[in-house]
Amino acid sequence: MENENFKNKKEEILEKIRKGEVKMRPKAFFLAKISLLVFVAFITFVVSVLLVSYTWFNLRAGGHILLLSFGGRGFFEFFLLFPWFLLLIDVMLILFLDSLLKKFKFGYHHPVLFVFLGSILVITLAGSMINMTSFHKNIMQMAENKKLPIPGVGGFYSDLRKSHEESGLFRGIIVSLATSSFIIRGKEGTKTFEVFTPKGFGVITFLNVGDTVFVAGDVEGNMVRAYGIRRISYED
Amino acid sequence: MISEFSDEKLAELVQNGDTDKFGILMERYQAKLFRYGKKFISRDDNIEDVVQDVFIKTYQNIQSFDVTQKFSPWIYRIAHNTYINSIKKTITGPLYLFDFDTILSHTVVDDPIVREKEQKEIKEIVDRGLKEVEPKYREILILYYIEDLSYKEIAEILRIPIGTVGVRIMRAKEILKEKYKDLKIDL
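Residues numbered from 1 in each chain as written. Chains lettered and ligands numbered in written order. Predicted model: local features only at pLDDT ≥ 70, side-chain atom pairs only at ≥ 80, totals over all residues. Heavy atoms only, no water.

Some details on the packing of aromatic side chains
Basically, it comes down to this: In this scheme Phe, Tyr and Trp rings, the latter by its six-membered ring, pair at centre separations within 6.5 Å, and the angle between planes marks the pair as stacked below 30 degrees, edge-to-face above 60, and tilted otherwise. Secondary structure elements follow DSSP: runs of H or I no shorter than four residues count as helices, runs of E no shorter than two count as strands, and numbering proceeds from the N terminus.
This model, assessed by the stated rule, comprises 22 aromatic pairs over all chains. Aromatic pair Phe82(A) and Trp84(A): ring centres 4.5 Å apart, planes at 50°, arrangement tilted. Judged by centre distance (5.7 Å) and plane angle (40°), the rings of Phe71(B) and Trp74(B) are tilted. On the criterion of helical spacing, the pair formed by Phe71(B) and Trp74(B) is a turn pair, its members being 3 residues apart in helix α4 (residues 71-90).

What follows is the structure, given as structure tokens:
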């Protein structure tokens, strides 16, 4: 009975195939599907690598990384000012990439954690390699000179090397020195700040007029009570 | 002569336009897929229609089959997806919650001696019905003990690491033990 039933079903399917009601999808369809998958995975990988390298470049160019050498307060401020949003986007991109990799044999044959950690490792390595080149620096210089050909990207770079009063981070050239304070002017030359150094900091010993400095402190009008000062080259 | 052709060869012939050979593939897999579906879906009605759906999908997608690979895990994968969709229609809530066993690596060996020892007993229990066991574990017991597939084949069908197959079978046996302890069957 069951056999007879199956025979009928089998014939029904073969009949549908013969009549063209059930059609075989062409090989090109599957090739296009896999190509699209590979393309999306590749783009996700590239965007993820660029985002990781930009995050690291942002910390360096914006001076945030120097906060780590300014003691406990510096650590705290670094934590507050860290671009968590970029990190979150990158983690989401990596998770999306992993879900794409799961469609491939090497993706689903390995434990989720291994694939995730492997992706992070490869993306971090690739991002570090980009940071060894002048890729982001060139984009930043073009953005600062308003010569960036791609619209919308400039905003990520143009303000990196400026002072950020709202965050208590200042970058400028020393124009005059006093015993326990000095005056800095931003490279853009618009605003000056008098920086009061932490107790025991030898202004005359460590600094000279014309030096570029990175300062972290609390701003009160045009005065900054610094908890960390570091001499840098503008290129830093 | 035709019956001597391997599944892979028949699939290749179908890919090249010999659609009648698809009938032979259907004959070869109908009993297996029917049994797998009946036990996994755990519902008596419509199994034949669901299996018919599996064969239609197999034909539609046969050009994506790599003839250098084994045909069996490939068609079982289609069956797995079709059965999951069929179960989803009848239950409320998510069917497969995130599987923590796929996060880490596990070292579990597919031991043929242990398998042989357990096979008869567990097959008997599985045959009595697995309705009480959740689909994730029910399916792996069917594939391993009833369909007699290897860890590697099951990993391919379910798209999970081989180590996870071993852990899931182990957990499935523990769940079976719990569910069937009233029957006083020692697993």
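Still more ground to cover, so stick around.
Section: unusual backbone geometry
Our working rule: When a residue's accessible area, from a 1.4 Å probe over protein chains only, is under 20% of the maximum for its type it is buried; when over 50% it is exposed; and in between it is partly exposed.
Here Lys146(A), not a glycine, exhibits a phi torsion of approximately 55°, which is positive. Within the secondary structure, Lys146(A) sits in the loop between α7 (135-144) and β1 (169-177). You can call Lys146(A) exposed: its relative accessible area is 74%. If you check the backbone angles, Asp148(B) has positive phi at about 60° while not being a glycine. With respect to the helices and strands, Asp148(B) occurs in the loop between α6 (135-146) and α7 (151-158). By relative accessible area, Asp148(B) is classed as partly exposed at 47%.

Topic: a nonpolar patch on the surface
Residues and elements named next belong to chain A. To keep it simple, the criterion reads: Residues enter a patch when their relative accessible area is above 30% and they make no salt bridge; the linking distance is 9 Å between like charges and 5 Å between nonpolar side chains (Val, Leu, Ile, Met, Phe, Trp, Tyr). Only the protein chains shown count as covering a residue, and every accessible area follows the Shrake-Rupley method with a 1.4 Å probe. The salt bridge definition used is simple: a Lys or Arg side-chain nitrogen within 4 Å of an Asp or Glu carboxyl oxygen.
The grouping of Leu-36, Phe-39, Phe-42, Ile-43, Val-46, Val-47, Leu-50 and Phe-135 at the surface amounts to a nonpolar patch, some 700 Å² of accessible area in total. In terms of residue count, the dominant contributor to the nonpolar patch is helix α2 (residues 27-61) (7 residues). As for its placement among the helices and strands, Val-47 is situated in helix α2.

A closer look at the sheet that holds strand β2 (residues 181-185) of chain A
Residue and element names in this part refer to chain A. Our working rule: Between any two strands, at least two bridges found by DSSP are needed for them to pair. Axis lines are fitted through C-alpha atoms, for helices just across the contact stretch, and the angle between N-to-C directions can take any value from 0 to 180 degrees.
Ordered by their spatial adjacency, 5 strands build a closed barrel running β1-β2-β3-β5-β4, and the pairing between neighbours is mixed. Neighbour-to-neighbour, the strand axes of this sheet turn through a mean angle of 55°, independent of strand direction. Two strands pair when backbone bridges link them, and β1 and β2 are joined in this way by 4 bridges, in the antiparallel orientation. Bridge pairing links Ile-173 to Arg-185 in β2.

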